[in-house]
Structure formats: structure tokens, C-alpha cells
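# A look at the structure
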Amino acid sequence: MLRPLFGGASNAIFPVMRACGGFGVALVASLVGCAGQPPPMSRVVAPVPKHAEGSAKLVFLWPPDSCEGGGYQVITTRGGKFVGNIARGTRLETDLAPGSYDFITWNSEKERFGQAPSVERTGVLHADVRPQQTYFVRLAFGEWAVSGPREQWSRTWTGRGPLRRCVESDAALVRLSPQSNLWPHLQEWLDELTPIAADTESGQRWLEQQPWLVATHRDLADARALRLTREARRLASIEPTDGVALVP
């Protein structure tokens, strides 16, 4: 799969869940989904992230990308706590007690349709968070190999520049801090992405009814973490100072 190196961003202003349309959409909607539509076991919340008293907030962002493969991502802690599901065009918000966490993500819908779980399709993130701070994480598609970021180029050129090949892996969890190159896009993403929160009780029951899910992906996540380069580990880690204080 190829995508332009320089992609234009939409100027749409937040709100909204868009309806799917067009011929044949029903055949693929269960896997691809509509941008901005909440995935299972989630609900739309207020557009401005607010901290619960004494807690940190972690926001996972899924900007639509030409390298994504559809479905939705399940996010849990390494210990098996359901954090939530996230789909293209949404941002998942969760409150956390201050402390240290390890997160795992995988594409549940793809696996339901027969894709085998694998190391390169299991995302990992380590986070150390402080109270009254908001932290941001981007789901990156087609940008990471097993060991970390990788760029693959095509000899094909367009009027907008060279084409980058999508790396054959699923979502990587990449911190987004004020020092990140993509930080200037944050406000645009907050405006455009549908804010969602998890139905944690339903999600936890779902995990407990299938205990092999967390066990399988935890083993894959541990293997992935061991294979990451030093730079990749840095990009897949949130430091306490990466947070910002948001004023509603």
C-alpha cells in the first residue's frame, strides 16, 4: 500500500459522528467502520477532556490514515484491566490514578475475521503519569516495524512528492508530547476526533469471559518490548513531564 508523504489534513470542525454512505458499504462496514463512530463498549463524551480530581488523564488519538486496515483496537493494561476500544476518527479518554502503567493494544475485529495474533501487530506503551496532568498518545499506522519506526519508499512520484510504503504492521502507540514534531497537530485532532470513553464494566466482563485474550497478547507485547530499539522505547514511553494541565 502506498500513501503520499505530504498528506493534506481536513479542516472540519469537531463535532460529529458521520454516517457511512456509498454503494457496497454494508459489505465492509463491520471491518472498516465509519470515521468518528464509537466502537463497541464505548460512548461519546464531552469534547473538552477534564481531569477527575486527583487523577491523570490519558487520551489515545486515532486520526484517519491511509495505512490503517480497519477494525478497532482494544487497549488494556498488561495486568488485564480493560481501558477501552478505539476506532478511526475517535479519541479514547481514560482517567488514571498517578503511577506507572504498561498498556497493550491489538485489533480485535481483524482477529475475529481470522487474522492471527502476532508480535508486529501488538502495540505497547509504558506510561508514568502525575495527577492533574493530561497525556496524549497517537496510534500510528504503517510507520513501525517490529523493532520501531521504519520508512519504506516507492520509486513512484506524484505532483505532491514521493510515496511512502505502508509498513506491514498494525498500530503502534506513540507518545505525543510538547517536544514531539506532531504536537502542532494536536488541537486540530482534538477538534476533529470524536471523544469517547469506555464502558469499562462491559469491557472487563468481555475480557474475563475470554481470559486467553490478555494472556496471548501480553506474551506478544513482552516479546515486542524486548525487540524495540532504544529510540523506539523512548517513543513508546510517557514520562511524567510529558503531560499538560488543561483548563476547561
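In what follows, the accompanying structure is described.

Calculation rules
Residues numbered from 1 in each chain as written. Predicted model: local features only at pLDDT ≥ 70, side-chain atom pairs only at ≥ 80, totals over all residues. Heavy atoms only, no water. Helix = DSSP H or I, 4+ residues; strand = E, 2+ residues; numbered from the N terminus. Buried < 20%, exposed > 50% of the residue type's maximum accessible area, 1.4 Å probe, protein only. 1 Å grid on protein atoms, 1.4 Å probe; cavity = no way out; pocket = protein on both sides within 12 Å on 5 of 7 lines; lining within 4 Å. Points joined across faces, edges and corners; volume = space filled by probe spheres on them. Nonpolar A, V, L, I, M, F, W, Y, C, P; charged D, E, K, R; others polar. Arc of directions from axis to C-beta. Contact = heavy atoms within 4.5 Å. Pairing = 2+ DSSP bridges. Axes fitted to C-alpha atoms, helices over the stretch in contact; angles between N-to-C directions. Salt bridge = Lys/Arg side-chain N within 4 Å of Asp/Glu carboxyl O.

Positive phi, close to 60°, is recorded for Met 41, a residue that is not glycine. Here Met 41 shows up in the loop between helix H1 (25–32) and strand E2 (42–44). Its identity is not glycine, yet Gln 132 carries a phi of approximately 60°, on the positive side. Within the element layout of this structure, Gln 132 appears in the loop between strand E8 (123–129) and strand E9 (134–140). Taking the relative accessible area as the measure of exposure, Gln 132 reaches 32% and is therefore partly exposed.

Next up on the list: the layout of surface pockets. To find the voids left in a structure, one rolls a probe of water-molecule size over its atoms. Space inside the second largest pocket adds up to approximately 280 Å³. Elements with a contribution of two residues or more to the lining of the second largest pocket: strand E5 (82–86), strand E6 (90–96) and strand E15 (194–198). Of the residues forming the lining of the second largest pocket, the biggest block, 4 residues, is contributed by E6. In terms of residue class, the lining of the second largest pocket is built from 9 nonpolar, 3 polar and 6 charged.

A few words on helix H4 (residues 200–208). Gly 203, Trp 206 and Leu 207 are the residues of H4 that are buried. Buried residues of H4, viewed axially, fall in a sector of 100°; they line one side. Exposed residues on H4 whose side chains face more than 90 degrees from its buried face are Glu 201 and Glu 208. Here the buried face of H4 lies against strand E4 (73–77), E5, strand E7 (99–107), helix H2 (108–112) and helix H5 (212–227).

Let us now look at the sheet that holds E6. Overall, mixed pairing links the 6 strands, which are arranged E2-E15-E6-E3-E9-E14 in an open sheet. Lying at the two open borders of the sheet, with one neighbouring strand each, are E2 and strand E14 (172–176). In this sheet, adjacent strand axes meet at a mean angle of 30° when their direction is disregarded.

A sheet is described by the order of its strands in space; here 5 strands give the open sequence E5-E4-E7-E8-E16, paired in mixed fashion. Both edges of this open sheet fall to E5 and strand E16 (237–238), since each of them pairs with a single strand only. Looking at chain direction, E4 and E7 are connected through 5 bridges and run antiparallel. Within E7, the residue paired with Thr 76 across the bridge is Ile 104. Of the strands in this sheet, E7 and E8 are in contact with H5, which crosses E7 at around 105°.

With that out of the way, let us pick up empty space enclosed by the protein. Going through the model one piece at a time under the given rule, you end up with 1 cavity of 30 Å³ or more. Size it by volume and the largest cavity reaches roughly 40 Å³. Forming the walls of the largest cavity are Thr 122, Gly 123, Val 124, Trp 144, Ala 172, Leu 173, Arg 224, Leu 228 and Ala 236. Breaking the lining of the largest cavity down by element, the ones donating at least two residues are E8 and E14. Classifying every residue of the lining of the largest cavity by side-chain character gives 6 nonpolar, 2 polar and 1 charged.

The subject of this paragraph is the pattern of salt bridges. Per the counting criterion, the structure on display carries 10 salt bridges. Arg 88 is the partner of Glu 68 in a salt bridge, and the nearest nitrogen-oxygen pair spans 2.2 Å. In this pair, Glu 68 sits in the loop between strand E3 (56–61) and E4 while Arg 88 sits in the loop between E5 and E6, placing the two residues 20 residues apart along the sequence. Grouping residues by exposure puts Glu 68 and Arg 88 together as buried.

Before going further, it helps to examine the pairing of E4. For E4, the tally of buried residues reaches 5 of 5 residues, placing the bulk of the element in the interior. Alternating positions in E4 separate into two faces, Gln 73, Ile 75 and Thr 77 on one and Val 74 and Thr 76 on the other, with burial throughout. As paired elements, E4 and E5 share 4 bridges and run antiparallel to each other. Bridge pairing in E5 links Gln 73 to Ile 86.

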